[in-house]
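Listed below, chain by chain, are the residues.
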Protein chains: 2
Amino acid sequence: MKRKIIDMLKGAAGNFLSGEEIAEKLNVTRTSIWKNIQTLKKFGYDIESRGKLGYKLNQIPDLLLPAAVQSGLNTKIIAAENRMIHKISVDSTNKIAKRLAYEGAADGTVIVAEEQTGGKGRLERNFFSPRGKSILFSLILRPKCLPKDAPKFTLMSAVAVANAMQRFKLPAQIKWPNDIMFDGRKVVGILTELSAQIEKVNYIVVGIGINANISREEFPADIKKIAASLSEINGGKISRIDFFRAVLEECDKLYTTIKLDGFKKIFEQWRKYNITLGREVKVISAETGESFFGVAEDIDEDGALIVSTENGRQTLYAGDVSIRNS
Amino acid sequence: MKRKIIDMLKGAAGNFLSGEEIAEKLNVTRTSIWKNIQTLKKFGYDIESRGKLGYKLNQIPDLLLPAAVQSGLNTKIIAAENRMIHKISVDSTNKIAKRLAYEGAADGTVIVAEEQTGGKGRLERNFFSPRGKSILFSLILRPKCLPKDAPKFTLMSAVAVANAMQRFKLPAQIKWPNDIMFDGRKVVGILTELSAQIEKVNYIVVGIGINANISREEFPADIKKIAASLSEINGGKISRIDFFRAVLEECDKLYTTIKLDGFKKIFEQWRKYNITLGREVKVISAETGESFFGVAEDIDEDGALIVSTENGRQTLYAGDVSIRNS
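Keep in mind it's a predicted model, so treat the numbers as computed, not measured.

Remarks on the overall build of chain A
Stage number 1. Assigned secondary structure in chain A consists of ten helices and 14 strands.
Stage number 2. For a compact globule of 326 residues, the expected C-alpha radius of gyration is about 20 Å, and chain A comes in at 21 Å, within 12% of that figure.
Stage number 3. By its C-alpha atoms, chain A is 80 × 45 × 30 Å across when sized along the principal axes.
Stage number 4. Split into buried and exposed, the 326 residues of chain A put 56% on the buried side.
Stage number 5. In chain A, the share of contacts with a sequence separation of at least 24, taken over all contacts with a separation of at least 6, comes to 64%.
Stage number 6. Of the accessible surface of chain A, which amounts to about 14,600 Å², a share of 48% is contributed by carbon and sulfur atoms.
Stage number 7. Charged side chains of chain A number 49 positive and 39 negative; the gap between the two group centres comes to 5 Å.

Describing empty space enclosed by the protein
Stage number 1. Considering all chains together, one arrives at two cavities of 30 Å³ or more under this definition.
Stage number 2. Taken as a whole, the largest cavity holds about 50 Å³ of empty space.
Stage number 3. Forming the boundary of the largest cavity are Ile198(A), Pro151(B), Thr154(B), Leu155(B), Trp176(B), Pro177(B), Gly303(B) and Tyr317(B).
Stage number 4. Here the lining of the largest cavity is built from residues that sort into six nonpolar, two polar and no charged.

Some remarks on the packing of helix H6 (residues 150-167) of chain B against helix H10 (residues 264-273) of chain B
All names here are of chain B.
Stage number 1. Contact geometry of H6 with H10 gives a least axis separation of 9 Å together with a crossing angle of 60 degrees. Classified by the interaxial angle, the pair formed by H6 and H10 is oblique. At the point where H6 passes H10, the crossing takes the left-handed sense. Counted together, Lys152, Leu155, Met156, Val159, Ala162, Asn163 and Gln166 of H6 and Ile266, Phe267, Gln269, Trp270, Lys272 and Tyr273 of H10 form the full contact between these two elements.
Stage number 2. Broken down by class, the residue content of the contact of H6 with H10 amounts to eight nonpolar, three polar and two charged.

Examining the relation of the copies chain B and chain A
Stage number 1. Placing chain B over chain A gives an RMSD of 0.1 Å and needs a rotation angle of 180 degrees, together with 0.0 Å of translation along the axis. Interpreted geometrically, this transformation is the action of a two-fold axis.
Stage number 2. Comparing interface residues between copies, 100% of those in chain B also sit at the interface in chain A, which points to an isologous, same-surface contact.

Observations regarding the nonpolar core
Stage number 1. The biggest cluster of nonpolar side chains holds 185 residues, and the ones touching the most others in it are Phe137(A) and Phe137(B).
Stage number 2. In this structure, Phe137(A) is in contact with Thr93(A), Val110(A), Ile111(A), Val112(A), Val206(A), Gly207(A), Ile208(A), Ile210(A), Phe244(A), Val247(A) and Leu248(A), ignoring residues within four places of it in sequence.

What about the sheet that holds strand S14 (residues 319-323) of chain A?
Residue and element names in this part refer to chain A.
Stage number 1. Here five strands make up an open sheet; going across it, the order is S13-S12-S11-S10-S14 and the pairing antiparallel. Each having just a single partner strand, strand S13 (312-316) and S14 make up the two edges of the open sheet. Neighbour-to-neighbour, the strand axes of this sheet turn through a mean angle of 45 degrees, independent of strand direction.

Here we look at the interface of chain B and chain A
Stage number 1. Counting from both sides, the interface comprises 27 residues of chain B and, opposite them, 27 residues of chain A.
Stage number 2. In total, about 2,500 Å² of surface goes out of reach between chain B and chain A, with carbon and sulfur atoms giving 58% of it.
Stage number 3. Inspection of the chain B/chain A interface yields two salt bridges.
Stage number 4. Here Lys148(B) ties to Glu287(A) by a salt bridge, and the two come within 3.3 Å at their closest N and O atoms.
Stage number 5. Mapped by element, the contributors of at least two residues to the side of chain B that touches chain A are helix H5 (93-102), H6 and strand S8 (185-197) of chain B.
Stage number 6. Take the side of chain B that touches chain A: its biggest share by element is seven residues, from S8(B).
Stage number 7. Of the residues contributing to the side of chain B that touches chain A, the split by class is 13 nonpolar, five polar and nine charged.
Stage number 8. Sheet topology note: the strand S8 (residues 185-197) of chain A/S8(B) ladder contains five bridges and is antiparallel. Its bridge partner being in S8(B), Ser195(A) is matched across the sheet by Ser195(B).

Here we look at the pattern of salt bridges
Stage number 1. Applying the stated criterion to the full structure yields 52 salt bridges over all chains.
Stage number 2. A salt bridge links Asp261(A) to Lys265(A); the shortest N-O distance between them is 3.3 Å.
Stage number 3. For Asp107(B), the salt bridge is made with Lys259(B), and the minimal N-O distance between the two is 2.7 Å. Of this pair, Asp107(B) sits in the loop between H5 and strand S4 (110-116) while Lys259(B) sits in helix H9 (residues 240-261), and the two are 152 residues apart along the sequence.
Stage number 4. Each of Lys148(A), Asp149(A), Lys152(A), Asp302(A) and Glu287(B) takes part in salt bridges that share partners, so that together they form one network.

A look at helix H3 (residues 30-42) of chain A
Residue and element names in this part refer to chain A.
Stage number 1. In this model H3 runs 19 Å from its N-terminal to its C-terminal C-alpha over 13 residues, within 8% of the 18 Å that 1.5 Å per residue would give.
Stage number 2. Listed in full, the buried residues belonging to H3 are Ser32, Ile33, Asn36, Ile37 and Leu40. Down the axis of H3, the smallest arc covering the buried residues is 135 degrees, so these residues share one side. When the buried face of H3 is taken as reference, the exposed residues oriented beyond 90 degrees from it are Lys35 and Lys42.
Stage number 3. Elements in contact with the buried residues of H3: helix H1 (2-11), helix H2 (19-26), strand S1 (46-50), strand S2 (54-59) and helix H4 (66-69).
Stage number 4. Of the residues trailing H3, glycine 44 is marked for its positive phi of about 110 degrees.

A closer look at H2(A)
All names here are of chain A.
Stage number 1. Every buried residue of H2 is listed here: Gly19, Ile22, Ala23 and Leu26. Considered in projection along H2, the buried side chains sweep an arc of 100 degrees and stay on one side of the axis. Exposed and facing more than 90 degrees away from the buried side of H2 are Glu24 and Lys25.
Stage number 2. Looking at the residues trailing H2, positive phi occurs at asparagine 27, about 60 degrees.

Things to note about the environment of Val188(A)
Residues and elements named next belong to chain A.
Stage number 1. Of note, valine 188 is situated in strand S8.
Stage number 2. The exposure class of valine 188 is buried, given its relative accessible area of 1%.
Stage number 3. In the structure, valine 188 is positioned 26 residues away from alanine 162 in sequence and 9.8 Å away in space, judged by C-alpha atoms.

Observations concerning the side chain of Thr154(B)
Stage number 1. Note that Thr154(B) resides in helix H6.
Stage number 2. Setting aside residues no more than four positions away along its own chain, Thr154(B) makes contact with Ile198(A), Asn178(B), Ile190(B) and Thr192(B).

Here we look at the packing of aromatic side chains
Stage number 1. On inspection of all chains with the given rule, the structure shows ten aromatic pairs over all chains.
Stage number 2. Judged by centre distance (6.3 Å) and plane angle (70 degrees), the ring pair of Phe153(B) and Tyr255(B) falls under edge-to-face. With Phe153(B) in helix H6 and Tyr255(B) in helix H9, the pair connects residues that are 102 residues apart, well separated along the chain. An identical accessibility class is assigned to Phe153(B) and Tyr255(B); each is buried.
Stage number 3. Aromatic side chains Phe263(B) and Phe267(B) sit 6.2 Å apart centroid to centroid with 35 degrees between the ring planes, which places their arrangement in the tilted category.
Stage number 4. Classification of Phe263(B) by relative accessible area gives buried; the value is 13%.
Stage number 5. An aromatic cluster of at least three residues, connected via ring pairs, comprises Phe153(A), Tyr255(A), Phe263(A) and Phe267(A).
Stage number 6. Stacked on the ring of Tyr317(B), the Lys or Arg Lys148(A) has its end atom at 4.4 Å from the ring centre.

Rules used throughout
Residues numbered from 1 in each chain as written. Chains lettered and ligands numbered in written order. Predicted model: local features only at pLDDT ≥ 70, side-chain atom pairs only at ≥ 80, totals over all residues. Heavy atoms only, no water. Helix = DSSP H or I, 4+ residues; strand = E, 2+ residues; numbered from the N terminus. Rg over C-alpha atoms; globule rule 2.2 N^0.38 Å. Buried < 20%, exposed > 50% of the residue type's maximum accessible area, 1.4 Å probe, protein only. Contact = heavy atoms within 4.5 Å. Areas by Shrake-Rupley, 256 points an atom, 1.4 Å probe, with all protein chains shown as cover. Lys, Arg positive; Asp, Glu negative; His and termini not counted. Charge placed at Lys NZ, Arg CZ, Asp CG, Glu CD. 1 Å grid on protein atoms, 1.4 Å probe; cavity = no way out; pocket = protein on both sides within 12 Å on 5 of 7 lines; lining within 4 Å. Points joined across faces, edges and corners; volume = space filled by probe spheres on them. Nonpolar A, V, L, I, M, F, W, Y, C, P; charged D, E, K, R; others polar. Axes fitted to C-alpha atoms, helices over the stretch in contact; angles between N-to-C directions. Parallel < 35°, antiparallel > 145°, perpendicular 65-115°, else oblique. Left-handed = near helix turned anticlockwise from the far one by under 90°. Least-squares fit on C-alpha atoms with pLDDT ≥ 70 in both. Core = buried A, V, L, I, M, F, W, Y, C linked by side-chain atoms within 4.5 Å. Pairing = 2+ DSSP bridges. Buried area = accessible area lost by both parts, 1.4 Å probe. Salt bridge = Lys/Arg side-chain N within 4 Å of Asp/Glu carboxyl O. Expected span 1.5 Å × (residues − 1). Arc of directions from axis to C-beta. Phe/Tyr/Trp six-rings, centres within 6.5 Å; stacked < 30°, edge-to-face > 60°. Lys NZ or Arg CZ within 6 Å of the ring centre and 35° of its normal.

Laid out in structure tokens, this is it:
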């Protein structure tokens, strides 16, 4: 309902729309429209009310509210209809997503927050995310697949973000498996979790944290050297709402592709963005804790990294890769 | 405490032990001993009390109570100390185990029940389990491994049950991946679930349902053709407590071996018990839903089944195998 009101006010492009007109189109009472407008105002929507003229939308708030994000969103599964939940401040969106998934939340449900107080990256690393400057969300996916397939959805998510960046004319680089990099620093972190039986995945939760509008100065000293932000790449602020919408649309596209065709096209796109293959790398295996050097050759059909070393080919299913300067 | 009292009474081998003596050994008051004895009686322990003579254990109840199972249990991790929970009737022990694991239950925690009202086997099949005649439990494991390693703990569990059967001089046959069979019918079902990140497993829950003392006649008509029970193999009732203790001990041994040495020895033992390799099989892949025929060649390093078919070698990660009569 709120989304539909926003849609109409946006459609009016700065002109007034009467409450009567809106009420008629949405087939509800004028009182109901008035109540919803009050709620939208509380959320920070700058909506002007003027007697008989009705309502005019002056400014939408810089919050990733469903009403704003879903207005104009072109997806079939991801964040479609009532599959989007917004929170101001949470411990971690993955935690909420896991609970909701356990309780039966639908395929494609998205939990987005303005701030995470306990956000974690891979390998238990803290994730810096000041309020209103990042895009922090978790996707609940329910693909028909085995536990061993889960890492491929991480690659999918990285490609989705890279595709969204391309729509914003921002260069995108992916370091295996799923780090979006700029100038050797990380712009986006992805943390994938799963619940499964041996025969089938129950659900996958993909947590995506995007540094959107964080300036160089805002990053804490220890993070400054390893983190970058979309605004830095762009040379100016980006619209979080528009970028988030683009990521959701790209996720939806790729997820639908996977359901029809498998991962072939995802891998092709991943290779296009990747900055790892063909490079000398230092690898720390998550499996053994051991580190070794080699040349990253390719990804295999499981999305694992194949590294050729002095001792032959090694397959890295999970771990940390750093690219050595040549 | 209760376990220690049972230990002492069992040690007295049918003789009376005075409350004073027990209290002194356990360094508690005689009132505390008396209270614990009352609780044990409520659980069905037949304990005789006679004035100054004290207490004598006549009969322990046929319940898989921690006090009984842990008395004489030789394990380091599995069901050790307070890591055992007993319930009379539950929906499913896996469900409880997953909740406890999520809340942080320790590596090796065991949840055992006398009855399951909503027990499920693999592929959502119902699991028949009349009260007090099966051994129904779930293990919480927290190994350091990747999601792709989880299926191997299923093989481990099957080998543990087979080893326990060998201790009871019962022939054990494993059909890939983890079905314990007798005369072409299933004696034990195992359902493994996991929660993980891409880099590490959070926990694995192995649900094991053992048909212990269910006679041919007791199985419902549709299950009779596909199910067997330890008592049928044994030609008479077996002690659920003793068999359960043996399974826990074998799990503990194998789990410790894996932590030190990996899965090599597990696979060797699995091959020894298996009735699948070298046989013509019909396979239904859980991954694709497709079925095909071939010869089961071996298991690979992931525990997957390698099947040679007309169209070359196929690797089956999860699914259903039926052995064709030759």
